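Analysis of the macromolecular model
Now for the letters of each chain:
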Amino acid sequence: MHWTTRVLDSSLWRFIFISLAVKAVILMADPDPQFFLGDSGSYLQTALTGWIPPDRSFLYGYLIRLCCTGSASLFSLVLVQTLASAASAGMLGWLLQRFIGISKTVATITVILYSLDPLPLMYERFVMAETFSLTTTILFIALLFLFLDLGKVRYLILASVAGVATVALRISFLPAVAILSFSAPVIRFLLVRPEHRVQLMVRLKALAWTFAVVAIGYFTLHGAYKFLNGRLSGRPPAYQYADGLFLLSSWCPIMTSEDLKATGVSEQIYDGTAERTLQNRRVHRWMQNGIVAALTRTYHEPLRANAIAKTISLHILRRDPIGVATLAARTFLRGWRHDVITRCIKEDKGERPIPPGLVQRAANRFHTVATD
């Protein structure tokens, strides 16, 4: 049966309508858009001017332009993101019923609970790429499941498209997209057991073919995205242009003078910077007394500063891989602390002064009154 017929005959649309019904009630009660300071301002600038940010998605800015240009209202974005989130909930229920085999009742309850989850509800209202990126991620996973079940190469091709869209919206999904994309042919190969050698040889050829399809689709689409990003921003092709700065600020608690000397950076770079602690890593990434700001002031050109930061970071990794792994573990465990969660929630809610430029832009271009 054709996949379109399968979808239309399945519970997918019913799950989406259930989620929409739940979210519509909440949307009527709380239709206001919200800002995550820093990120939201960058996305709006991209939507209004076409500016390509060096460290986050430009695609989301263009989606804002598409959603809000005609209405000149950010409510249009909230509405479209609510629809996208309902689609995510519907696909989740469909995946659980279609591939995991849970009952229709349990799948429906799961969809309702997902539709009431505070985190998706928050991001539906935020000028942030999370809602769209989660929708494309679930679509990517659904297409991989269809390939695993049916073995049709077209689902791998469509998954490649959904995967690059996911990365274009949130670069943090890149490792998961890469691993799952190249794992899918191998997983299908292992799921179907051969009965004799002829079948095995045929299946090995099929594995090689599907793996080649994944490789061609992945590298072609991701290469095209990096080329487009570079072309639009006037920089070399890349996913983004601050990867080294993010790494260095994340690993600076274990950075030593040896790491600086190995890359030709003077220890004077420390002058006037904050203490290099686990808690201060955000300071080192974003604030004027951070290591990133110090590198940028020293080398002037952002691309040069990013390259230097990446070189230092790779030296840290080679010198102390255990320390890097320990930092990751400490970061994960710190995320469960009540004081950290409370502080992050307050920041996410915007409980800090909103920059006057963002207030003015929201009022003049989107008829949105942004207050503290």
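Scroll up to find the structure.
In short, a report on the structure. (Residues numbered from 1 in each chain as written. Predicted model: local features only at pLDDT ≥ 70, side-chain atom pairs only at ≥ 80, totals over all residues. Heavy atoms only, no water.)

Some remarks on the pattern of salt bridges
- In this structure the tally under the stated criterion is 11 salt bridges.
- As a salt-bridge pair, Arg 285 and Asp 55 come within 3.4 Å of each other at their nearest N and O atoms. With Arg 285 in helix 14 (residues 281-286) and Asp 55 in the loop between helix 3 (39-49) and helix 4 (59-68), this residue pair connects regions lying 230 residues apart in the sequence. In this structure, Arg 285 and Asp 55 share a single accessibility class: buried.
- One salt bridge connects Asp 259 with Arg 319, and the closest N-O pair in it is separated by 2.8 Å. Here Arg 319 lies in helix 16 (residues 302-319) and Asp 259 lies in helix 13 (residues 257-262), a separation of 60 residues in the sequence.
- Residue classification places Asp 259 among the buried residues on the basis of a relative accessible area of 0%.
- When salt bridges that share partners are traced, they join Lys 23, Asp 30, Glu 124 and Arg 125 into one network. (Salt bridge = Lys/Arg side-chain N within 4 Å of Asp/Glu carboxyl O. Helix = DSSP H or I, 4+ residues; strand = E, 2+ residues; numbered from the N terminus. Buried < 20%, exposed > 50% of the residue type's maximum accessible area, 1.4 Å probe, protein only.)

Concerning the packing of aromatic side chains
- In this structure the tally under the stated criterion is 14 aromatic pairs.
- Taken together, a centroid distance of 5.7 Å and an interplanar angle of 5° make the contact between Phe 58 and Tyr 225 stacked. With a gap of 167 residues between them, Phe 58 in the loop between helix 3 and helix 4 and Tyr 225 in helix 11 (residues 197-233) connect regions that are remote in the sequence. Grouping residues by exposure puts Phe 58 and Tyr 225 together as buried.
- The aromatic ring of Phe 15 is capped on one face by Arg 14, whose charged end is 4.8 Å from the ring centroid.
- The ring centre of Trp 286 lies 4.1 Å from the NZ or CZ of Arg 285, which sits over that ring. (Phe/Tyr/Trp six-rings, centres within 6.5 Å; stacked < 30°, edge-to-face > 60°. Lys NZ or Arg CZ within 6 Å of the ring centre and 35° of its normal.)

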